[in-house]
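Here's the letter readout for the chains.
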Amino acid sequence: EYAENTVKGFRKDVSGLLSFLEGRRGALTKEELIAYKKTLEQRLAPASVNRHIASLNKFTAWLGLSGLTLKTLKIQEPTTEDKALTVREFDRLLTAAVSRGKHKLALILLTLAGTGLRIGELKFVTAEAVKNGAAVVRHTGKIRAVILSEELQRHLTEFRAARRIVCGPLFTGSGGAAISRSYVAREMKKMARLCGVDPAKAFPHNLRHYFARRFLESGCPLSDLADVLGHKSVDTTRRYLRVNAAAQRRQLAKMKLLPVGKRYRDFSVQMII
């Protein structure tokens with residue numbers, strides 16, 4: 001029930017391990033797994049290493065070798081806010097797409113930012129969902145209803161009428177296939193360059209983060225956000241509460257570290273002395 005890209009990732013990760021073992025003529029032992037983990041640490045970012053480890057742990061568990069479980073790296077995740085889109089930047093992306101006649105792209109961006117859907121869940125935004133005002137999303141065996149705001153529903157209704165879509169997904173690629181992640185990512189970066197937005201911020205999943213930020217800023221509780229996003233644990237959702245470095249500096253600037261009225265003249269000179 002995993003997404004196709006996730007399955008491909010698992011296969012690639014396990015194939016990497018098997019190639020490593022074959023090159024060393026090694027057996028599937030804890031010592032060899034630890035050695036492979038060290039090679040991963042040398043060439044990959046910590047988050048990527050942990051993704052590989054997760055795949056390998058699933059593989060060994062499937063083989064019934066629970067004693068071969070590897071420990072993930074303990075890392076402090078960077079804040080997502082450092083690469084978060086602002087409302088103004090999102091507006092510029094939309095404006096750039098509309099002004100260049102890319103109305104389907106603009107509506108895809110608006111839908112992702114207005115629902116928090118994953119790009120792979122966009123296929124659940126159907127003509128029927130637009131009529132009902134909610135999309136029924138099935139992801140990894142879990143079903144949830146994602147409400148479409150009145151404004152978004154109106155835009156989608158107009159798009160459906162203009163494209164004469166009677167049933168099924170609104171956004172499709174060539175031959176009626178589901179819209180591809182690579183297409184949306186590529187077009188987002190293209191629009192970002194044209195309108196002066198940092199291309200590093202322009203990727204589909206960042207619109208899910210954008211939705212989460214706006215949802216929390218509106219005063220809605222974290223538990224509700226977890227339900228909307230389809231997270232199994234609130235801990236997964238909690239990362240959206242992090243603030244960026246600039247926001248932390250503003251918060252620290254408001255803190256009073258010294259007694260009111262107390263002055264320390266030539267403090268740096270005294271420290272040197």
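See the structure printed just above.
A brief look at the structure comes next.

Rules of the game
Residues numbered from 1 in each chain as written. Predicted model: local features only at pLDDT ≥ 70, side-chain atom pairs only at ≥ 80, totals over all residues. Heavy atoms only, no water. Helix = DSSP H or I, 4+ residues; strand = E, 2+ residues; numbered from the N terminus. Buried < 20%, exposed > 50% of the residue type's maximum accessible area, 1.4 Å probe, protein only. Lys, Arg positive; Asp, Glu negative; His and termini not counted. Salt bridge = Lys/Arg side-chain N within 4 Å of Asp/Glu carboxyl O. Polar contact = N/O pair within 3.5 Å; in protein donor to acceptor, adjacent residues only side chain to side chain. Contact = heavy atoms within 4.5 Å.

## Remarks on the side chain of Lys104
- Looking at the element boundaries, Lys104 is found in helix H5 (residues 103-115).
- Among buried Asp, Glu, Lys and Arg side chains, Lys104 stands out as unpaired, with Glu187 the closest opposite charge at 10 Å.
- A polar side-chain atom of Lys104 sits 3.0 Å from the main-chain carbonyl oxygen of Thr172.
- Leave out the neighbours within four places in its chain, and Lys104 touches Phe159, Arg163, Phe171, Thr172 and Ile179.

## Observations concerning unusual backbone geometry
- Although it is not a glycine, Arg25 adopts a positive phi angle of roughly 55°.
- Along the chain, Arg25 turns up in the loop between helix H1 (4-24) and helix H2 (30-43).
- Its identity is not glycine, yet Arg164 carries a phi of approximately 55°, on the positive side.
- Position of Arg164 relative to the elements: it lies in the loop between helix H7 (150-163) and helix H8 (181-195).
- The exposure class of Arg164 is exposed, given its relative accessible area of 76%.

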